[in-house]
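# Remarks on the overall topology
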2 protein chains.
Amino acid sequence: MARQGSLSTKPSPGLRIGEVARRTGLPVKTIRFYCDAGLLQPKERSAAGYRLFDEENLAELTIIRALRSMDVSIPELVRILEVRRAGVCNCSVLKDSIAAKMKSINLRISELASMKDELSRLLDSWQDCGGLKADR
Amino acid sequence: MARQGSLSTKPSPGLRIGEVARRTGLPVKTIRFYCDAGLLQPKERSAAGYRLFDEENLAELTIIRALRSMDVSIPELVRILEVRRAGVCNCSVLKDSIAAKMKSINLRISELASMKDELSRLLDSWQDCGGLKADR
DNA sequence: GCAAAGCTTCCATCCAGTGGAGGGTTCTTG
DNA sequence: CAAGAACCCTCCACTGGATGGAAGCTTTGC
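Reference entry: report on the structure contained in this document. (Residues numbered from 1 in each chain as written. Chains lettered and ligands numbered in written order. Predicted model: local features only at pLDDT ≥ 70, side-chain atom pairs only at ≥ 80, totals over all residues. Heavy atoms only, no water.)

### Examining the pattern of salt bridges
Residue and element names in this part refer to chain B. Applicable threshold: When a carboxyl oxygen of Asp or Glu is within 4 Å of a side-chain nitrogen of Lys or Arg, the pair counts as a salt bridge. Strands here are runs of E lasting at least two residues and helices are runs of H or I lasting at least four, both read from the DSSP assignment and numbered beginning at the N terminus.
Per the counting criterion, the structure on display carries 18 salt bridges over all chains. For the salt bridge of arginine 22 with glutamate 19, the shortest nitrogen-to-oxygen distance reads 2.6 Å. A residue pair is termed a helical-turn pair when its members lie 3 or 4 positions apart in one helix, as arginine 22 and glutamate 19 do in helix H1 (residues 17–24) at 3 residues. In this structure, the salt-bridge partner of arginine 108 is glutamate 111, at a minimum N-O distance of 3.0 Å. Pair noted here: arginine 108 and glutamate 111 are both in helix H5 (residues 92–127), with a separation of 3 residues, about one helical turn.

Okay, structure coming up:
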């Protein structure tokens, strides 16, 4: 059966959910949840009803993960991914929203930096609270 | 009524929840929720049962806000604040946990930075998708 | 052929808040 | 002092984003 259709257009067998989970580090449950939420479309089901994903889905999951970690809501992500799928950006609204997102990332970065400072100051202040039967 | 006890030990009237909300930028509901969760102790109630907060509580809220934004869970925060209240750090466990936290902050910062790059690349790639009736 | 592992759906639970009803308190102002 | 606005209280329900578990197919490997 010519193990892979030889050198035709690379039909790609489709990754099952567990494999996707392994590759992205996301729990299976979460991936399923994203599918249900309309964030991710498996593009195919096996005869038995198994979700089959492709490389594109993996790329989307990377985006999803990154933006979710910035608290972008799921409906918002749906919108963003739709536009991404559409390919060309015909509306500047999206550009604006991305620019805004970048601004908020910068803000977050500086927040984190100052938090780090604060923590390290805290740590220092403790370093020399010595004397009281410290670690002997 | 000597508006503030003149120059004695500064009894401080105690801030009511609305004022705390105004100063910290947190919703009243959330502050109440933190109290219920044992994160924040008003230290006093007015005769009418109003929660009365002090400066220390404000400081705690700052910490809470910062750490919550790093997804530190509420039970964990309870632990942390307890130790903080206890004053001196007698266990190095906490130091370790803070050091770990700092590590994760660093990680997060670099994640964000690379996300920013990715976004700006995305934005660039769209900038010059021009041609199709762009913005005229 | 059969067990283990993997997948499905569906429903319950969790966490961190948020919203609203129903009711008491404090401030302002006439 | 009365009225009204603004504030506060508790309690209970609900949300969003997952996560856990049961019950039941399917695929894999010996």
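Back to the text.
### Regarding the protein's contact with DNA strand D
Which entries qualify depends on this criterion: A single heavy atom is enough: if one lies within 4 Å of a molecule or strand, its residue is considered near that molecule or strand. Pairs of N or O atoms are called polar contacts if they sit within 3.5 Å, as long as, within protein, a hydrogen donor faces a hydrogen acceptor (for residues adjacent in sequence, only side-chain-to-side-chain pairs).
Looking at DNA strand D, there are 19 residues lining it, with Lys29, Thr30 and Arg68 of chain A together with Gly18 and Arg51 of chain B nearest. Counting only the atoms of DNA strand D that lie within 4 Å of the protein, the sugar and phosphate share comes to 75%. One of the side-chain N or O atoms of tyrosine 50 of chain A is found 3.2 Å from a sugar or linking oxygen in DNA strand D. The contact in question runs from a phosphate oxygen of DNA strand D to an N or O atom on the side chain of arginine 32 of chain B, over 2.9 Å. Elements supplying a minimum of two residues to the surface near DNA strand D: helix H2 (28–36) of chain A together with H1 of chain B.

### So, helix H4 (residues 74–86) of chain A
Residue and element names in this part refer to chain A. Which entries qualify depends on this criterion: Multiplying 1.5 Å by the residue count of a helix minus one yields the expected span of that helix. Accessibility here uses a 1.4 Å probe with only protein chains present; expressed as a share of the type maximum, an area under 20% marks a residue as buried, one over 50% as exposed, and anything in between as partly exposed.
Here H4 contains 13 residues, and its C-alpha end-to-end distance of 18 Å stays within 8% of the 18 Å for a straight helix at 1.5 Å per residue. Ile74, Leu77, Val78, Ile80, Leu81 and Val83 are the residues of H4 that are buried. In the segment just after H4, glycine 87 is the residue with positive phi, at about 95°.

### Structural notes on the protein's contact with DNA strand C
Applied cut-off: Think of it as three bins: nonpolar holds Ala, Val, Leu, Ile, Met, Phe, Trp, Tyr, Cys and Pro, charged holds Asp, Glu, Lys and Arg, and polar takes everything else, Gly as well.
Among the 19 residues in the neighbourhood of DNA strand C, the closest are listed as Arg32, Tyr50 and Arg51 of chain A together with Lys29 and Thr30 of chain B. Counting only atoms of DNA strand C within 4 Å of the protein, the fraction found in sugar and phosphate groups is 70%. With respect to DNA strand C, the side chain of arginine 32 of chain A contributes an N or O atom lying 3.0 Å from a phosphate oxygen. A distance of 2.9 Å separates a base nitrogen of DNA strand C from a polar side-chain atom of tyrosine 50 of chain B. Contributions of two or more residues to the surface near DNA strand C are made by helix H1 (17–24) of chain A together with helix H2 (28–36) of chain B. For the surface near DNA strand C, a count of residues per class yields 8 nonpolar, 4 polar and 7 charged.

### Topic: the packing of H1 of chain A against H2 of chain A
All names here are of chain A. Put simply, the rule reads: Lines are fitted to the C-alpha atoms to define the axes, a helix being fitted only along its stretch in contact, and any angle between axes, read from their N-to-C directions, falls within 0 to 180 degrees. By definition in this entry, angles of less than 35 degrees are roughly parallel, angles greater than 145 are roughly antiparallel, angles of 65 to 115 are roughly perpendicular, and the rest are oblique. In this scheme the handedness of a crossing depends on how the near helix is turned from the far one: anticlockwise by less than a right angle means left-handed, clockwise means right-handed. In what follows, residue pairs with any heavy atoms lying within 4.5 Å of each other are defined as contacts.
Taken N-terminus to C-terminus, the directions of H1 and H2 make an angle of 110°; their axes are 9 Å apart at the nearest point. In terms of axis orientation, H1 runs roughly perpendicular to H2. In terms of crossing hand, the pair formed by H1 and H2 is right-handed. Contacts from Ile17, Gly18, Val20, Ala21 and Thr24 of H1 reach H2 at Val28, Ile31 and Arg32. Here the residues of the contact of H1 with H2 are counted per class, giving 5 nonpolar, 2 polar and 1 charged.

### Some details on H2 of chain A
Residue and element names in this part refer to chain A. Convention followed: Here, the arc refers to the directions that run from the helix axis to the C-beta atoms.
Within H2, burial applies to Ile31, Tyr34 and Cys35. Projected onto a plane normal to the axis of H2, the buried residues spread over an arc of 105° and lie on a single side. Facing away from the buried side of H2, by more than 90 degrees, are the exposed residues Lys29 and Asp36. Where the residues of H2 are buried, they touch H1, strand E2 (52–53), helix H3 (55–68) and H4. Just beyond H2, the residue with positive phi is glycine 38, at close to 85°.

### Description of the environment of isoleucine 31 of chain A
Residues and elements named next belong to chain A. For isoleucine 31, the location among the structural elements is in helix H2. Taking the C-alpha atoms as reference points, isoleucine 31 and isoleucine 17, 14 residues apart in sequence, are found 7.5 Å from one another. Those residues in contact with isoleucine 31 that lie beyond four places of it in its chain are Ile17, Val20, Ala21, Thr24, Leu26, Leu40 and Phe53.

### Regarding the environment of glycine 38 of chain A
Its place among the elements puts glycine 38 of chain A in the loop between H2 and E2. Between the alpha carbons of glycine 38 of chain A and leucine 77 of chain A there is a distance of 9.6 Å; along the sequence they are 39 residues apart.

By themselves these figures say nothing about function.
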